[in-house]
Amino acid sequence: MNRRHIVVISGAGLSAESGLRTFRDNGGLWENHRVEDVATPEAWERDRTLVLKFYNERRKALRDALPNPAHLEIASWERHSRVSVITQNVDDLHERAGSTSVLHLHGELTKARSTSDPDLVLPIDGWELREGDLCPLGSQLRPHIVWFGEDVPEFSRAAEIVSTADLLIVVGTSLQVYPAASLAWEAPENARRILVDPNPPDAPEFEIIASKASDGLKSLSSQFKYEASGR
Ligand code: OAD
């Protein structure tokens, strides 16, 4: 029997209940940091120390965070469905919750990349990446993050995954950053589309669940159980 394919597109709001800050909410990361200063190739050229510090702080916060019930709900759906997670998040909380198919559109905080060979990606030991940390080729390592103005190399693979969705669940994203925000357009016409967010962006093509991720996804799990019981 063909299993239903659930595709989850997640954003920073999913990890908010783990204590990680979102970007654009009140108190979000972009309130205290300018994108141009910490998340662009130009910022890296201008002031590496500041860029490294910004991501070291993110890594330190991640070290102390745990997956929350929303991450765990998503992982639990693998018991009855094929589940693909496409996340804009650079944390590893989906993986730590047990999800086995996770594609990171915007990179991964726990990894570093060579500045001379973009295919050379290495795990970071601990939370700190410093000036002078070199790849085996002798070049400075940078955070393995897709910065503003850079290509999103995983986009076409993500679009392919979305194109086979039976159910598309978008959770915890303001849908303000492209091309990630355009991924939903790749879903088949007959796919069901659900958006979970306590402060949902304008998205008329979605059924909206206006609640925080843990509550919204728990109610979806209940729906799945109800459907499976054939009632
Ligand atoms: P944003 O900070 O733009 O949006 C977070 C969304 O999460 C908002 O719509 C909130 O309403 C929602 N939210 C807050 N708490 C929530 C909760 N408990 N449960 C569910 N939703 C909640 O974050 P993203 O859309 O992920 O990119 O941002 C996209 C990209 O912009 C990021 O990947 C990052 C950023 O700049 C890069 O750094 C390249």
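Residues numbered from 1 in each chain as written. Predicted model: local features only at pLDDT ≥ 70, side-chain atom pairs only at ≥ 80, totals over all residues. Heavy atoms only, no water.

Now for the site of the ligand. Near the ligand, the surroundings consist of 23 residues, among which Phe23, Arg24, Thr173, Ser174 and Asp197 are the closest. Thr173 is positioned with one of its side-chain polar atoms (N or O) 2.7 Å from an oxygen atom of the ligand. Within the complex, the protein chains bury 93% of what would otherwise be the 800 Å² of accessible surface of the ligand. The element best represented in the shell around the ligand is helix H1 (residues 12–16), accounting for 3 residues. Its residues placed into classes, the shell around the ligand shows 9 nonpolar, 9 polar and 5 charged. (Near = heavy atom within 4 Å. Polar contact = N/O pair within 3.5 Å; in protein donor to acceptor, adjacent residues only side chain to side chain. Areas by Shrake-Rupley, 256 points an atom, 1.4 Å probe, with all protein chains shown as cover. Helix = DSSP H or I, 4+ residues; strand = E, 2+ residues; numbered from the N terminus. Nonpolar A, V, L, I, M, F, W, Y, C, P; charged D, E, K, R; others polar.)

The next thing to look at is the domain arrangement of the chain. The domain boundaries assigned to the chain delineate domain 1 (1–20 + 67–106 + 151–231) and domain 2 (21–64 + 111–145). One C-alpha centre belongs to domain 1, the other to domain 2, and the line joining them spans 26 Å. Facing 14 residues of domain 1, the contacting portion of domain 2 comprises 8 residues. Between domain 1 and domain 2, roughly 830 Å² of surface is buried when both sides are summed, and carbon and sulfur atoms account for 66% of that area. At the boundary of domain 1 with domain 2, the tally comes to 0 salt bridges. Those elements that provide at least two residues to the side of domain 1 that touches domain 2 are H1 and helix H7 (93–97). Looking at the side of domain 1 that touches domain 2 element by element, the count peaks at 3 residues for H1. Residue composition of the side of domain 1 that touches domain 2, by class: 6 nonpolar, 5 polar and 3 charged. (Domains from an automatic or database assignment. Contact = heavy atoms within 4.5 Å. Buried area = accessible area lost by both parts, 1.4 Å probe. Salt bridge = Lys/Arg side-chain N within 4 Å of Asp/Glu carboxyl O.)

On to the sheet that holds strand E7 (residues 167–171). Within the open sheet, the 6 strands sit side by side as E3-E2-E1-E7-E8-E9. Their pairing is parallel. Of all the strands in the sheet, the pair left with one neighbour each is strand E3 (102–104) and strand E9 (207–209). Recorded for the sheet is a direction-independent mean angle of 20° between the axes of neighbouring strands. Pairing of strand E1 (residues 5–10) with E7, which is carried by 5 bridges, proceeds in the parallel orientation. By the bridge assignment, Ser10 is partnered in E7 with Val171. (Pairing = 2+ DSSP bridges. Axes fitted to C-alpha atoms, helices over the stretch in contact; angles between N-to-C directions.)

Quick look at the packing of aromatic side chains now. A full pass over the atoms with the stated rule returns 7 aromatic pairs. Ring centres of Trp30 and Phe54 lie 5.8 Å apart, and the angle between their planes is 15°; on these two criteria the pair is classed as stacked. Taken together, the residues span a long stretch of sequence, with Trp30 in helix H2 (residues 29–32) and Phe54 in helix H5 (residues 48–63) at a distance of 24 residues. Each ring, one from Tyr178 and one from Trp185, has its centre 6.2 Å from the other, and the planes form 45°; the classification is tilted. (Phe/Tyr/Trp six-rings, centres within 6.5 Å; stacked < 30°, edge-to-face > 60°.)

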